[in-house]
Structures are given as structure tokens and as C-alpha cells.
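# Remarks on the overall topology
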Amino acid sequence: FRSRLPLPALAARVRTVWVQRTGSRPVVQRHLPTGGAELQCPIGALPRLVGPLTGAKVEILRPGLTIVGARFWPGAAAPLLGVPADELVDQIVPFGEAGSAASELAVQLAAQLAAAPGPGPALQVLQSGLLRRQRRTRPPDRLVAAAVGRLMPWRPTGIGLLTDDLAISESQLRRRFLAEVGIGPKALQRTLRFQGYLALAQATRPGSLVADLAATVGYADQAHLSRECQRLTGLTPRELLGGAVDRCGCGHDHAASYGPFLAA
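Throughout, residues of each chain are indexed from 1 in the direction in which the sequence is written. This being a predicted model, a pLDDT of at least 70 is required before a residue's local features are given, and a value of 80 or more before pairs of side-chain atoms are given or counted; all residues contribute to the totals for chains, interfaces and linings. Side-chain measures were taken over the full set of non-hydrogen atoms in the model, leaving aside hydrogen atoms and water.

## Considerations on the environment of Ala 9
Strands are runs of DSSP state E lasting at least 2 residues, helices are runs of H or I lasting at least 4, and numbering of each runs from the N terminus. Position of Ala 9 relative to the elements: it lies in the loop between strand E1 (2–4) and strand E2 (14–21). Relative accessibility under 20% of the residue-type maximum defines a buried residue, over 50% an exposed one, and the middle range a partly exposed one, all with a 1.4 Å probe and only protein chains included. Its relative accessible area of 47% is what places Ala 9 among the partly exposed residues. Contacts are assigned to residue pairs that have any heavy atoms within 4.5 Å of one another. For Ala 9, the residues in contact, after removing those within four places along its chain, are Leu 131 and Gln 134.

## Let's talk about the packing of helix H7 (residues 185–203) against helix H11 (residues 255–263)
Two numbers describe how H7 lies on H11: the axes approach to 9 Å, and their chain directions differ by 110 degrees. With respect to each other, H7 and H11 are oriented roughly perpendicular. The crossing of H7 and H11 is left-handed. For the pair H7 and H11, the contacting residues are Leu 192, Gln 195, Gly 196, Leu 198, Ala 199, Leu 200, Gln 202 and Ala 203 in the first and Ala 255, Tyr 258, Phe 261 and Leu 262 in the second. Residue classes follow a fixed rule: Ala, Val, Leu, Ile, Met, Phe, Trp, Tyr, Cys and Pro count as nonpolar, while Asp, Glu, Lys and Arg count as charged, and any other residue, Gly among them, counts as polar. The residue makeup of the contact of H7 with H11, split by class, is 9 nonpolar, 3 polar and no charged. Note on geometry: axes are C-alpha line fits, over the in-contact stretch for helices, and angles between N-to-C directions span 0 to 180 degrees. Should an angle fall under 35 degrees it is taken as roughly parallel, and over 145 as roughly antiparallel, whereas 65 to 115 is taken as roughly perpendicular and any remaining angle as oblique. Put simply, a crossing is left-handed when the front helix is turned counterclockwise from the back one by less than a right angle, and right-handed when it is turned clockwise.

## Focus on the pattern of salt bridges
Whenever Lys or Arg places a side-chain nitrogen within 4 Å of a carboxyl oxygen from Asp or Glu, that contact is recorded as a salt bridge. The tally for this structure, following the rule as stated, stands at 8 salt bridges. Among the salt bridges present, the one from Arg 193 reaches Glu 228, with a minimum N-O distance of 3.5 Å. In this pair, Arg 193 is assigned in helix H7 and Glu 228 in helix H9 (residues 222–233), connecting sequence segments 35 residues apart. Of the two residues, Arg 193 and Glu 228, neither departs from the other in class, the shared state being buried. Shared partners join several salt bridges into a network, and the residues in it are Arg 190, Arg 193, Glu 228 and Arg 231.

## Overview of H11
All of the buried residues in H11 are Ala 256, Ser 257, Tyr 258 and Phe 261. Buried residues along H11 sit in contact with E1, E2, strand E7 (66–72) and H7.

This is how it looks when you write it as C-alpha cells:
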């Protein structure tokens, strides 16, 4: 699994793009909540959408599989792909079944990806398809995008303070979040906080104190982190991070995925 930053023209909508390849054996894949949707394109098959998740989704990937994908920022996928965000929550669905516009794009992508000479060119094909789609669709909801930025880790804020600053009621903000993001502001804040912890665990030096990492992101203590990790992933921090709660031991390079969190 290798992630990288998207093309600059996609950066406002796409958090990261990636390539994943399986070897000679099936692989257990645990999809974690990220706050946004994800478009996954197995080479030789139709693309699919992983909606905004509130908990982990586990599946078995077959051997010899190559997948290219794009992970969207919260609220950015729905207008681009033409799929209501609240209908995708906790769902993994064939992209072609998400509406006529999605069906057309899914067929085009599948054919073009199958003709690509390798994973790198296939990833470029995916991004080119998203760029063409972006030119024909409305931009993301600016108020929702501003709220998402305020809910990132290391920018602690209460929902009441956020709505005051944005001059909108909590009920109105929640309605707009459900339509564009799929989940409410508070649920998104909790998910982004955990993504911030994973970013620190990926980048930190061995020997860092878990309590320090948890406090940096905004958890009250290590027990608070453990409860949230169980709720969002179904595992303890130690189980999730390959035996170490202060360093990611999964063997994947998530630098591009977590870079925006660390940059803050």
C-alpha cells in the first residue's frame, strides 16, 4: 500500500490517492473511518464507493489484486460524484449503482484502467477522470468546508462556538453536514481527532509516551483514546498498530494520507 498526494488541481477535494497490491495470499482489509468517502478501483473490475464510516468495515481481498483509489475530504465527494452522502454512510457499494452520472463514470474508468500499462499510469487515469468530472460539477459547500477545517485535530472547538462563528444554528449546520458529509459535526470531529492520533503514531519516534500523543490530539487521557479506538476500529490501539501504541507497525507508508494532519 502506497499513498501519495493528489494532483494539485484535486487537492481541495481529494485528501490522498493510493495504490494497493495483494500478494499470493488473501489479505484481511480493515477500512477505518476517515470522515470522507473513498473511491476504490480494482483493475479489471468496476469501481466501488466506500461511504463515510462510523465504524470499521472488514473484508477479505483476494490474491493478485491491484487497486487504485482516491480518498476524499469530508463533504467533497458528494457533489463531485453525484451521490448523496447520507445514503452512503457505513456502506460499500458498486459505484455504477449510485446514479446515472456515477454509472457512466464507472464504466469509463473501468475500461480506461484496464488498458493502463501499470499501477502508476492507472492512478493517473483515475485522477484525470476526476479532474474532468470536477470541471462539470459545483464546488463543495463553502460553509461546510470551513467547518470541516475548524474541526481538524489541534484546533479544539465546541460545536456551539463553531456555529456562532459561522453564523448558523446547530440544527442548520447538522442538516448541511448530513447532506454533504453524511455524518454530523460532532461525529466528524471525533473521527478527525482519531485520524490525528494515527498521524502522530505514524510519524513519531519509538519511545514516545502514549499519553503524550493522546493529549496532543485532544483526548482526556489514554483510557479515553482506548475507548474511541475500540468504538471506531473494533480494536485496541495496540492491536490496531501492530503491537505498539506509540508507533504504526502495519508496514504501510501513510505519509501522504496523514501529512495534512501533521502540517497543522
